[in-house]
Amino acid sequence: MGLFRTLGIRAANLVVLLFVVLFVISYALSGPAAKLLETQIQLEARALVSQLAKSGHYTPAQIQELYNTLVDQLTKAYGLDKPMYIRVFYIMYNMLIFNWGYSYFPDIYGIASGRVADIITSALPGTVLLDTFGILLSAFIGIQIGLRSALRYGSKRDRAVMYYGAVSNGLPQWWVGILLLLVFSFYLQTVKSPIYFPSGGILSPQYYSMWFTSPLSVLTNPNALADLLWHFALPLATVLIVNVGGWAYFARTVTLNTAQEDFVTFAKIKGLPDGRITSRYILRPAAPAIMTSILLSLPFIIFGGFIITEAVFRWWGLGYVYNLAIFAPTPDMPVIVALTYASTLLYIALVLVLEVLYIVLDPRIRSE
Amino acid sequence: MAARREFRILGMTPGEIWRGFISSVTGKVAFAFFAIMVAFSIYALVALPPNFGALWNTPSYWQVNPKYAPPAWINAFTGNAYAPQLAITNFNFTGGSSGGVGYAIVTFNVDYTYSTPWRNLYLIVRNPNVYNATSVAYLTVTRPDGKTIQLGPIAVNSQFIGLGLTPQLISQVDAFYQTNFGLPNAVPAGSSAIPYIFYTVQNGKLVPLNGIYKFTLTIYTFSSSTTIGKKDLSVVLEGEVFGLMGTDFLGHDLWLGLLAGFPIDLAVGLITAAIVVVLAILIGVVAAFYGGLVDEILTRVTDFFILLPAFPLLIVFSVMFQWNIWDAIVFLAAVSWGGSARVVRAMVMQIKTSQFIESAMAAGASRAWILRNHILPMVMPYTLYLFVVNVPGGILTLSAINFFNLAGAELPTWGNILAYANEFGALTSGYWWWVVPPGLLITFVAVTFIFVAMGLEPVVNPRLRHA
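Attention here is on the structure that accompanies the text. (Residues numbered from 1 in each chain as written. Chains lettered and ligands numbered in written order. Predicted model: local features only at pLDDT ≥ 70, side-chain atom pairs only at ≥ 80, totals over all residues. Heavy atoms only, no water.)

**A closer look at the overall build of chain B**
A count of helical and extended segments in chain B gives 17 helices and ten strands. Every one of the 467 residues in chain B was classed for burial, and the buried ones make up 55%. For chain B, long-range pairs separated by at least 24 residues make up 71% of all intrachain contacts whose partners lie at least 6 apart in sequence. Carbon and sulfur atoms make up 62% of the accessible area of chain B, which amounts to about 20300 Å² in all. (Helix = DSSP H or I, 4+ residues; strand = E, 2+ residues; numbered from the N terminus. Buried < 20%, exposed > 50% of the residue type's maximum accessible area, 1.4 Å probe, protein only. Contact = heavy atoms within 4.5 Å. Areas by Shrake-Rupley, 256 points an atom, 1.4 Å probe, with all protein chains shown as cover.)

**Some details on the overall build of chain A**
In terms of regular secondary structure, chain A is built from 17 helices and zero strands. For the C-alpha atoms alone, the extent of chain A along its principal axes is close to 100 × 65 × 35 Å. Buried residues in chain A amount to 48% of all 368 residues. Relative to all contacts within chain A whose residues are 6 or more apart in sequence, the contacts with residues 24 or more apart total 73%.

**Focus: the packing of aromatic side chains**
Counting across every chain of the model gives 35 aromatic pairs over all chains. On the basis of an interplanar angle of 90 degrees and a centroid distance of 5.0 Å, the ring pair of Phe262 of chain B and Trp414 of chain B is categorised as edge-to-face. With a gap of 152 residues between them, Phe262 of chain B in helix α8 (residues 254–290) and Trp414 of chain B in helix α15 (residues 414–423) connect regions that are remote in the sequence. With respect to class, Phe262 of chain B is no different from Trp414 of chain B; both count as buried. Grouped by ring-pair contacts, the aromatic residues Tyr163 of chain A together with Phe33, Phe444 and Phe451 of chain B constitute a single cluster. (Phe/Tyr/Trp six-rings, centres within 6.5 Å; stacked < 30°, edge-to-face > 60°.)

**A closer look at the interface of chain B and chain A**
The interface is formed by 48 residues belonging to chain B together with 52 residues belonging to chain A. Taking both sides of the interface into account, the surface hidden between chain B and chain A amounts to around 4400 Å²; carbon and sulfur atoms contribute 78%. When residues of chain B are sorted by the area they lose upon contact with chain A, Leu307, Met320 and Phe404 of chain B head the list and together hold 15% of the total. Counting the contacts that link chain B with chain A gives zero salt bridges. Along the contact surface separating chain B from chain A lie two residue pairs in polar contact (both at pLDDT 80 or more). When contributions to the side of chain B that touches chain A are tallied by element, the ones reaching two or more residues are α2 (25–47), α9 (292–307), α10 (310–321), α14 (367–403), α16 (426–429) and α17 (436–460) of chain B. In terms of residue count, the dominant contributor to the side of chain B that touches chain A is α17 of chain B (eleven residues). For the side of chain B that touches chain A, a count of residues per class yields 36 nonpolar, seven polar and five charged. (Buried area = accessible area lost by both parts, 1.4 Å probe. Salt bridge = Lys/Arg side-chain N within 4 Å of Asp/Glu carboxyl O. Polar contact = N/O pair within 3.5 Å; in protein donor to acceptor, adjacent residues only side chain to side chain. Nonpolar A, V, L, I, M, F, W, Y, C, P; charged D, E, K, R; others polar.)

**With respect to helix α11 (residues 325–335) of chain B**
All names here are of chain B. Those residues of α11 lying buried are Ile325, Ala328, Ile329, Phe331, Leu332, Ala333 and Val335. Along its buried surface, α11 packs onto α8, α9, α10 and α14. The backbone nitrogen of Trp326 has a side-chain oxygen 3.0 Å away, supplied by the residue at the start of α11, namely Asn324.

**What about the nonpolar core?**
By size, the foremost hydrophobic cluster in this structure holds 200 residues, and its most contacted members are Tyr109, Trp174 and Trp316 of chain A together with Ile375, Trp434 and Val435 of chain B. Counting residues per element, this core draws most heavily on α8 of chain B, at 20 residues. In this view, Tyr109 of chain A contacts Ser103, Ile119, Phe212, Trp316, Val321, Leu324, Ala325, Asp332 and Val335 of chain A; residues no more than four positions away in its chain are not counted. Residues Phe93, Tyr213, Phe215 and Leu217 of chain B belong to the second largest nonpolar core, which totals 21 residues. (Core = buried A, V, L, I, M, F, W, Y, C linked by side-chain atoms within 4.5 Å.)

**Quick word on the packing of helix α13 (residues 355–362) of chain B against α14 of chain B**
All names here are of chain B. Where α13 meets α14, the axes come as close as 11 Å, and the angle between the chain directions of the two elements is 170 degrees. One finds that α13 runs roughly antiparallel with respect to α14. Side by side, α13 and α14 meet where Phe356, Ile357, Ala360 and Met361 of the first sit next to Ile370, His374, Ile375 and Met378 of the second. Within the contact of α13 with α14, the residues separate by chemical class into seven nonpolar, one polar and no charged. (Axes fitted to C-alpha atoms, helices over the stretch in contact; angles between N-to-C directions. Parallel < 35°, antiparallel > 145°, perpendicular 65-115°, else oblique.)

**Focus on the pattern of salt bridges**
Throughout the structure, instances matching the rule amount to seven salt bridges over all chains. Arg115 of chain A is the salt-bridge partner of Asp118 of chain A, the closest N and O atoms lying 3.6 Å from each other. Taking relative accessible area as the criterion, Arg115 of chain A reaches 38% and is therefore assigned partly exposed. The partner of Asp303 of chain B in a salt bridge is Arg300 of chain B, with the nearest N and O atoms 3.6 Å apart. Of this pair, Asp303 of chain B and Arg300 of chain B both sit in helix α9, three residues apart, roughly one helical turn. Under the relative-accessibility criterion, Asp303 of chain B is labelled buried at 5%. Through salt bridges with shared partners, a single network forms among Glu296, Arg300, Asp303 and Arg342 of chain B.

**Some points on empty space enclosed by the protein**
A water-sized probe rolled over the atoms picks out the places where empty space is left. All names here are of chain B. Here the structure, examined in full by the defined rule, presents one cavity of 30 Å³ or more. One number sums up the size of the largest cavity: a volume of about 40 Å³. If you go around the largest cavity, the residues you meet are Asp265, Val268, Ile325, Ile395, Leu398, Ser399, Asn402 and Thr413. Looking at the lining of the largest cavity, the elements that each hand over two or more residues are α8 and α14. Per-element tally for the lining of the largest cavity: the top contributor is α14, with four residues. Grouping the constituent residues of the lining of the largest cavity by class yields four nonpolar, three polar and one charged. (1 Å grid on protein atoms, 1.4 Å probe; cavity = no way out; pocket = protein on both sides within 12 Å on 5 of 7 lines; lining within 4 Å. Points joined across faces, edges and corners; volume = space filled by probe spheres on them.)

**Details of the pairing of strand β2 (residues 101–111) of chain B**
Residue and element names in this part refer to chain B. Here strand β1 (residues 88–98) pairs with β2 via nine bridges, running antiparallel. Its bridge partner being in β2, Ile88 is matched across the sheet by Val110. With antiparallel pairing between neighbouring strands as the criterion, β1 and β2 make up a hairpin whose turn holds two residues, including Gly99 at a positive phi of roughly 60 degrees. The pairing of β2 with strand β9 (residues 212–221) spans ten bridges and is classified as antiparallel. Paired with Asp111 across the bridge in β9 is Ile212. (Pairing = 2+ DSSP bridges.)

**Thoughts on helix α7 (residues 156–170) of chain A**
Helix length check: α7 of chain A, at 15 residues, gives a terminal C-alpha distance of 22 Å against a target of 21 Å (1.5 Å per residue), a fit within 8%. All buried positions along α7 of chain A are accounted for by Asp158, Val161, Met162, Tyr163, Gly165, Ala166, Ser168 and Gly170 of chain A. Next to the buried residues of α7 of chain A lie α6 (116–151) and α11 (222–259) of chain A together with α2, α14 and α17 of chain B. (Expected span 1.5 Å × (residues − 1).)

**Looking at the environment of Pro309 of chain B**
Residue and element names in this part refer to chain B. Inspection of the secondary structure puts Pro309 in the loop between α9 and α10. By relative accessible area, which is 9% here, Pro309 ends up buried. Placed 27 residues apart in sequence, Pro309 and Ser336 show a C-alpha to C-alpha distance of 9.8 Å.

**Let's talk about unusual backbone geometry**
All names here are of chain A. A positive phi is found at Phe98, a non-glycine position, where the angle reads about 60 degrees. Tracing the sequence through the fold places Phe98 in the loop between α4 (84–96) and α5 (106–109). One non-glycine residue with positive phi stands out, namely Lys192, at about 55 degrees. Position of Lys192 among the secondary structure elements: in the loop between α8 (173–190) and α9 (208–213).

**Brief notes about the packing of α8 of chain A against α17 of chain B**
Between α8 of chain A and α17 of chain B, whose axes approach to 10 Å, the crossing angle comes to 150 degrees. When the axis of α8 of chain A is compared with that of α17 of chain B, the two are roughly antiparallel. The hand of the α8 of chain A/α17 of chain B crossing is left-handed. Residues Trp174, Trp175 and Leu179 of chain A of α8 of chain A form the contact with α17 of chain B, whose own contacting residues are Val436, Gly439, Leu440, Ile442 and Thr443 of chain B. (Left-handed = near helix turned anticlockwise from the far one by under 90°.)

**Quick look at a nonpolar patch on the surface**
Residues and elements named next belong to chain A. Taken together, the side chains of Val15, Phe19, Tyr93, Leu96 and Ile97 make up a nonpolar region of the molecular surface, amounting to roughly 440 Å² of accessible area. Every element with two or more residues in the nonpolar patch is listed here: α1 (2–30) and α4. For Leu96, the position within the fold is in helix α4. (Patch = residues over 30% accessible without salt bridge, like charges linked within 9 Å, V, L, I, M, F, W, Y side chains within 5 Å.)

That is the geometry; function is a separate question.
Here it is as structure tokens:
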């Protein structure tokens, strides 16, 4: 019973979190951003009117009237005539029912329909490929390194892993990406090296439409796949260089803490073989902590740390879309709100999965 | 008289903690790094003018052609001598001839902010007619403080009009400079005047005068058939750049910008961590000590802040509200105390169940007394560790924000320097000296604090000592 209560409280907390984030974002966007939108509307109306003026014969008074009507209609269409609190809740309501609307600047994303949902779904595979796969791979490698290092505590290799972990925790991931670009893209091209890496992008332009329509077909086409891997090399290397160290350090600390528990000492006194001590008495109790950390950091990393890394590599993922939306001529509100909402939603789903997994993995909680 | 109570934290005196910290290799490395960092910060605060940060860059200069120079020491490897140039903006030319006299008037501004003194100042005249004829040049410099210096007239008799190198009167420090610019007597008469034009005297010391210098160059050629066109003249201003880190697209010495970043980036990390620690201790202790409903509510709030996606929110708010770096610091600290508060809460819960608390309760001690005399003294040493652990996060997050040209674009933080590098194509043009040092310094400061935390860990966590 207590278990369900705990889970229920967590779930309620997460739902509150979702609403608060949504409210805060909607508030921020319906307040100061509305002014930006007003100028945007005026520009849009002026462009339309000038087009009309070119094609037909209008008197200046007619043009002015047309302009005013257009501004009025657009203001009404964007809901700017309503008071702010209504706009806030309107944005929130639309987000909740997945009515994410249209981007103000569809051109900068290169998605013809301009629907926010299309933009986000087109960027999702890139994020999954770089962020999710990158994090899982670096976690896998890093944890292996960390475990081995912790089991030989105090050795030179252990010391090296420790310092590598510490340094990689202090490395800005995007800066490492920039360095790799500088060396493996720019420098190799200047010295006319036969092998060099692209300076950005997720694919060569000829495969872009393929990637947008069905990413899976890129994976089955050998040429496109090779192109994808060629573009993927530097971003993945960046992710691995920076994250493997952090995971190794983390796994090492967790394992060391467990290795000092009394039951491990007792197992050693009992004379159990080393392999069994490692797998049953050290790794098994350490698993929940490691698992929690991986799952909890996944969404964090996807919507936090990778925003800039994706922007550096112009990698077509959610982080890059975030970047494009924020630095559009005026902030592209529908996209920003939808991205933040979608990320929070995903985050919450993952955390809930984590809570359940945690209970499965950690018998101490189960018996509570 | 009551005996003075010995100051102990975690049962150790500060001296013991210090000895524990410095005895490990990591502690020694951390201490060395920390000393370097603090030394550079103090040097930056003392050596750079107080308004340096505000002066360092403004968007109005951005129409300038790039003038990059790699670090001077690179010459040793490549054998190439680079002449770093200073940024010339608002270059205006009028020229022609009247009454048998050809003339050219060139006005330009030089951004001297963020630069080191010059030795040389060259004007290159490309048209042989100009320098074969008898030509005379004047150069007028108006300093940011309003003082005007007239250089010239000098005869233009070679391809270069060297102002500052040629032994003309303008190149010498003489009574004029001594009196007009208040140069101290220590400046030797006869030395090049050019560097002293760019200095001002404050409290008897020479201090570089940063800002925009306005130059007017006038050339007359006394030849019947000469006009001077725009093509005939070009101005090269060579800076004697310190050269450790090269120059950026404005000819600014990058070393000065990087130096200015030391106190700022350090302050960013320290302030963020300080706010985080205060909030974490306050909330953690209150939640654990009072328990019950208070604990329940505070734990929910803590969980909420742990889960909040801080980085996207920070970006969005920085764009929406035009935040500066201090706003961003406060926001970042205000949303990132969750994890630390959870640890503090767990610590206090553990302490609360110890026997000496029970004994104190049994002896009739009040809750406030126990909090003040037992719990706080045991939690306080951990604040140092908590503080140190939280510094790198603040530095890294805010340099990432700055890399987006958000939150404090007016300050020479390392994130901003990298943002400019990115914006002006350093990545695709190979200006590596503009990209590598700022990132290395961010890493250096972050890693210093990580090492300090690593050195402190065995001290605050006694279990690790016997590992």
